[in-house]
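# Descriptive structure summary
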Number of protein chains: 2
Amino acid sequence: MPASTRAPADPLHDAKPRRRVGRPAAAVLDQDGITAAALQLIGKSGYDGFTMAALARTLNVAPSALYNHVSSKRDVLVLVQDHLTSFVDVSAFGSGPWDQAVRSWAWSYRDVFSKHTPLIPVIAVLPVTDAPKTLAMYEAVSAGFSHAGFPQERIISAIVALESFIFGSAYDVTAPADIFDSGSMADSTPNFTAAVEQQDLEGYEKPADVAFNLGLEAMIARFGALRG
Amino acid sequence: MPASTRAPADPLHDAKPRRRVGRPAAAVLDQDGITAAALQLIGKSGYDGFTMAALARTLNVAPSALYNHVSSKRDVLVLVQDHLTSFVDVSAFGSGPWDQAVRSWAWSYRDVFSKHTPLIPVIAVLPVTDAPKTLAMYEAVSAGFSHAGFPQERIISAIVALESFIFGSAYDVTAPADIFDSGSMADSTPNFTAAVEQQDLEGYEKPADVAFNLGLEAMIARFGALRG
DNA sequence: ATTCTAAATGAATGGCATTCATTTAGTGGG
DNA sequence: CCCACTAAATGAATGCCATTCATTTAGAAT
């Protein structure tokens, strides 16, 4: 007649944080699981809804448990950013011509991070040592530049210039459509207002895409001329 | 003996928030004062130390008083960003040749916001209506492009492309010097590691400046060719 | 067996932006 | 001249958040 210490019953509708105190027989958390859950949570709730408490909830764990595997929220963001980088397309650096490779790399890079702009401040100052997949991307791109005959001493600068443009353009994708509507100040800004109107006439293409294309092609054209 | 309810005395070393409850005879706060104090506080304590409570303290006011003049912390950041924009140099668009004007505008724009990268996410999605000085900058730049014979329908795209590059490059300025040190993974990233080493050999100039120059000149050269 | 370490819980902690009730000062209409 | 209204301050909540800490338990190592 042992007071059967059975689980809380109610198998249905009970995804609550029920687990008895102390180390569980099998580990519940690891960095990969945390990363996957974080990515999913961000997808569902955005970066505003992305809190350590919410992350813990989706993992059915107490918030403090996370800190056995990551040292801070920023740490989780680093894991997420590195994971996302593996979705950036570097395949063309192995096969196609240099300019096409840069094109597909840059567009996919921008597209991935335009949905994750809050990561940009993190990436921008993150040592590559802390992000292995990101490092792998740089290696693929560097190799592509090198094989295309790019002068060694300018490879990093060129990549950094492209990357800076990509990050800035990722923000641009998220801007509201009417961001340039000068409203009541239109009278005092005739040149700007006229330019905005002319652009609106042209455009069935997304303005962010047009601007990105313009800048990217400028860099590709000019950088391409540097090759030996 | 007399429990003399006199003011806390200590005229020295007493910049404490002393003011009796109720509306003061003369208003203590206004948006300009808040903006100036915010800018000063950010300069001294950085964006981490920039809290509504700290801002209130420097203004010798209760935190809640701020909300009579701004509706949120974001509002303060918008005020700061717009104020900073007036430090961006657009003067050359009135006088010199187009390419030189773009050059000085872009460099000064990057320099101003490289010390204020936390504002970039704010700027990037901010309707120009809410930032009059920013709008004025766009007007000056648009006028410069227009007078230089730039096709109307491409002016905004070109400015956006340049601006995206500028914002991304502002982040780059803040990156640690050893950000590309691949450390123990150097073996598996030969091309990247070699490129980083070659760059380091070259450089007495700041890497961020070299990259910015490279990208900027690419855009100037290409965009310049669009002029009619 | 005992000790050590890892991984969980649950209860603080301190900081933060923001809101609300209250108080007081000036202003405009009767 | 009074009265209502509005604006601008205080001070006391509120609720959320990341993070820390003491405690408990499981398994591995000695």
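A brief report on the enclosed structure follows. This is a predicted model, so every value here is computed, not measured.

Another point: the interface of chain B and chain A. Facing the 59 residues of chain B at the interface are 59 residues of chain A. Taken together, both faces of the contact between chain B and chain A bury some 5,100 Å²; the carbon and sulfur share is 73%. Together, Glu139(B), Ile156(B) and Leu214(B) form the three largest contributors to the area buried by chain B at its contact with chain A, with a combined 12%. Summed over the shared surface of chain B and chain A, the result is 0 salt bridges. At the boundary of chain B and chain A, one finds 11 residue pairs in polar contact (both at pLDDT 80 or more). Elements that contribute at least two residues to the side of chain B that touches chain A include exactly α6 (120-124), α7 (132-147), α8 (152-173), α9 (190-202) and α10 (207-224) of chain B. With 14 residues, the top contributor of residues to the side of chain B that touches chain A is α8(B). Partitioned by chemical class, the residues of the side of chain B that touches chain A number 36 nonpolar, 17 polar and 6 charged.

Our focus in this paragraph is the protein's contact with DNA strand C. Around DNA strand C, the surrounding shell holds 26 residues, and the nearest of these are Val28(A), Ser64(A), His69(A), Arg20(B) and Arg23(B). Of everything in DNA strand C that lies within 4 Å of the protein, sugar and phosphate atoms constitute 66%. Arg23(B) is positioned with one of its backbone polar atoms (N or O) 3.0 Å from a base oxygen of DNA strand C. Contributing elements (two or more residues each) for the surface near DNA strand C: α3 (63-66) of chain A together with α2 (52-58) of chain B. Looking at the surface near DNA strand C residue by residue, the classes come out as 13 nonpolar, 8 polar and 5 charged.

Take the layout of surface pockets next. The calculated volume of the largest pocket comes to roughly 930 Å³. As for the largest pocket, its lining consists of 44 residues, and the residues nearest its centre are Asp172(B), Gln199(B), Lys206(B), Pro207(B) and Ala208(B). Taken together, the elements giving at least two residues each to the lining of the largest pocket come down to α6 (120-124), α7 (132-147) and α8 (152-173) of chain A together with α8, α9 and α10 of chain B. The computed volume of the second largest pocket comes to approximately 710 Å³. Surrounding the second largest pocket, 40 residues form its lining, Asp172(A), Ala175(A), Pro176(A), Ile179(A) and Phe180(A) being those nearest its centre.

So, on to the pattern of salt bridges. All names here are of chain B. Scanning all chains against the criterion turns up 8 salt bridges over all chains. Put simply, Arg103 and Asp99 hold a salt bridge, and the shortest N to O gap is 3.2 Å. A residue pair is termed a helical-turn pair when its members lie 3 or 4 positions apart in one helix, as Arg103 and Asp99 do in helix α5 (residues 98-114) at 4 residues. Arg103 sits in the buried class, given a relative accessible area of 19%. On the basis of relative accessibility, which here comes to 27%, the residue Asp99 falls in the partly exposed class.

Moving on, we get to the packing of helix α4 (residues 73-85) of chain B against α7(B). All names here are of chain B. At their nearest, the axes of α4 and α7 sit 7 Å apart, and the two run at 35° to each other. Seen from above, α4 lies across α7 with left-handed handedness. Where α4 approaches α7, its residues Gln81, Asp82, His83 and Thr85 are matched on the opposing element by Pro132, Lys133, Thr134 and Met137. Its residues assigned to classes, the contact of α4 with α7 shows 2 nonpolar, 4 polar and 2 charged.

Residue and element names in this part refer to chain A. Mapping Pro151 onto the fold places it in the loop between α7 and α8. Separated by 77 residues in sequence, Pro151 and Gly228 have C-alpha atoms that sit 6.8 Å apart. The contact partners of Pro151, leaving out residues within four places of it in the chain, are Leu226 and Arg227.

Definitions and limits used
- Residues numbered from 1 in each chain as written.
- Chains lettered and ligands numbered in written order.
- Predicted model: local features only at pLDDT ≥ 70, side-chain atom pairs only at ≥ 80, totals over all residues.
- Heavy atoms only, no water.
- Contact = heavy atoms within 4.5 Å.
- Buried area = accessible area lost by both parts, 1.4 Å probe.
- Salt bridge = Lys/Arg side-chain N within 4 Å of Asp/Glu carboxyl O.
- Polar contact = N/O pair within 3.5 Å; in protein donor to acceptor, adjacent residues only side chain to side chain.
- Helix = DSSP H or I, 4+ residues; strand = E, 2+ residues; numbered from the N terminus.
- Nonpolar A, V, L, I, M, F, W, Y, C, P; charged D, E, K, R; others polar.
- Near = heavy atom within 4 Å.
- 1 Å grid on protein atoms, 1.4 Å probe; cavity = no way out; pocket = protein on both sides within 12 Å on 5 of 7 lines; lining within 4 Å.
- Points joined across faces, edges and corners; volume = space filled by probe spheres on them.
- Buried < 20%, exposed > 50% of the residue type's maximum accessible area, 1.4 Å probe, protein only.
- Axes fitted to C-alpha atoms, helices over the stretch in contact; angles between N-to-C directions.
- Left-handed = near helix turned anticlockwise from the far one by under 90°.

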